[in-house]
Structures are given as structure tokens and as C-alpha cells.
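One-letter residues, chain by chain:
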Amino acid sequence: CAHKNLLFLDYLLPEHNERLTANLLALAPSFAPYRVLQEIGGHATCKVFHPNGHQFAVAGRQECIFVCDFATGTIEKTIVLPTDCQAEITALAYNSDGTQIACGTNKDSGKKVFVYNCDNCALITSFEAVGSVTSLEFNAESTVLTTLTDAQLVQQWNVKKLDVEHCDSQDNENIKQ
């Protein structure tokens, strides 16, 4: 083929019994960034999209979670880790309806998972993980949170009893808006 660098796909059109060749190179996605979030800079270590597709969260060495608007890239909320556990955030996950966000840390003195209420940014709960958390994921029903750690250990946490409605954001030191 004379066009080794181009990707072609043949379609057979049954109604006309003809072949249609499409150049998929023109349909290929662009891999150049169209936005760089200067406020977060090079400190980001993890990110996750909100289930509604209108927001995303980024976290990392700054020991906080930035909730950003997808369309503009502006930071809408900043959730700060509790003062007694300042550590690099290494993993993020939203639950299926976007009402909770979980983050995992790598602090040597206490590798923890924190779960926050997304509406008022209140800390719902936290628990110790065995090893630095490298991955987090809620199941489809948002009843189980699975963590993967650098100790190559998978842990599953029952989070179905976490009550988002009873989290109070008054006097919450973990939120900056």
C-alpha cells in the first residue's frame, strides 16, 4: 500500500453493493492538551471525572482535592485533608451518583482513605489502609469501596451505611470555597 501511515477502513454498503473507503486519520482524536490548569501546576498525582460529566476532581502533593468545572477549568471547591493527616493524595474516586468522593493517601505514619460529602465537603469517614493507596473504586451500587495498595493488597470496605445526609459542614475545617 502506498499510504502506509494512513488507516483505511472498507465499508460494504449492502443497498448499493459498493465499497466505501473512509480515511480514519481525519477522524483520529487530537492528543495535544487544550487546557493546562495553572492553579494546580505540576502537583497533581490523580484525577477523576464526576459522574455528571460537568466536573472533575484533581489531587496530589498539595494535600487537598480541587473540584473543577469541566467547561472552564476553574476550581469550584477545595477540600483539604484533616490537619492531623496531611499527606499526598494518590487516588480519587466518585461514587456512582456523585454524592461522595473518596481519596487515598500515602503518608508513612498513617495511610488512610477519606470519604467526603460532595455537596458540603464534610468528612464522612476515614479508615486505615494497609500500604499506600494506589487505586480506589466504588461498586455500581456505591455500597463497597475497593482499594488497591502498594503492598499489592486489595481491600473492600462496606460503605453502604455511610449517611451523607447527617454530615454537617458548619465549622468544617476541610472546605475552602
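Refer to the structure printed above.
Predicted model, so just to flag it, every value in this text is computed and none were measured.

### Topic: the overall build of the protein
Right, on to step 1. Along the protein, the regular secondary structure elements total zero helices and 14 strands.
Right, on to step 2. Along the chain direction, N to C, the helices and strands of the protein fall in the order β-β-β-β-β-β-β-β-β-β-β-β-β-β.
Right, on to step 3. Burial analysis of the protein (177 residues in total) assigns 41% to the buried set.
Right, on to step 4. Approximately 10,800 Å² of the protein is accessible, and the part contributed by carbon and sulfur atoms is 51%.

### Things to note about the sheet that holds strand E11 (residues 133-138)
Right, on to step 1. Sheet architecture is open: three strands sit in the order E11-E12-E13, paired in antiparallel fashion. The open sheet has two edge strands, E11 and strand E13 (154-158), and neither has a second partner. Ignoring strand direction, the axes of neighbouring strands in this sheet form an average angle of 20°.
Right, on to step 2. Examined bridge by bridge, E11 and strand E12 (residues 144-149) share five bridges and lie antiparallel to one another. Considered in E12, the bridge of Phe138 is made with Leu145.

### Focus on the environment of Thr78
Right, on to step 1. Here Thr78 is to be found in strand E6 (residues 75-80).
Right, on to step 2. In the structure, Thr78 is positioned ten residues away from Cys68 in sequence and 8.9 Å away in space, judged by C-alpha atoms.

### Section: unusual backbone geometry
Right, on to step 1. Here Cys121, not a glycine, exhibits a phi torsion of approximately 65°, which is positive.
Right, on to step 2. Within the fold, Cys121 resides in the loop between strand E9 (112-117) and strand E10 (123-128).
Right, on to step 3. Of note in the backbone geometry, Ser142 takes a positive phi value of approximately 60° without being a glycine.
Right, on to step 4. For Ser142, the location among the structural elements is in the loop between E11 and E12.
Right, on to step 5. Of the residues examined, Ser142 reaches a relative accessible area of 12% and is grouped as buried.

### Observations concerning the pattern of salt bridges
Right, on to step 1. One pass over the structure, following the stated rule, counts one salt bridge.
Right, on to step 2. Here Glu128 and Lys112 are joined by a salt bridge, their closest N and O atoms 4.0 Å apart. In this pair, Glu128 is assigned in strand E10 and Lys112 in strand E9, connecting sequence segments 16 residues apart.
Right, on to step 3. Glu128 gets classed as partly exposed once you look at its relative accessible area, which sits at 43%.
Right, on to step 4. Overall, the relative accessible area of 19% leaves Lys112 in the buried class.

So, how was this worked out
- Residues numbered from 1 in each chain as written.
- Predicted model: local features only at pLDDT ≥ 70, side-chain atom pairs only at ≥ 80, totals over all residues.
- Heavy atoms only, no water.
- Helix = DSSP H or I, 4+ residues; strand = E, 2+ residues; numbered from the N terminus.
- Buried < 20%, exposed > 50% of the residue type's maximum accessible area, 1.4 Å probe, protein only.
- Areas by Shrake-Rupley, 256 points an atom, 1.4 Å probe, with all protein chains shown as cover.
- Pairing = 2+ DSSP bridges.
- Axes fitted to C-alpha atoms, helices over the stretch in contact; angles between N-to-C directions.
- Salt bridge = Lys/Arg side-chain N within 4 Å of Asp/Glu carboxyl O.

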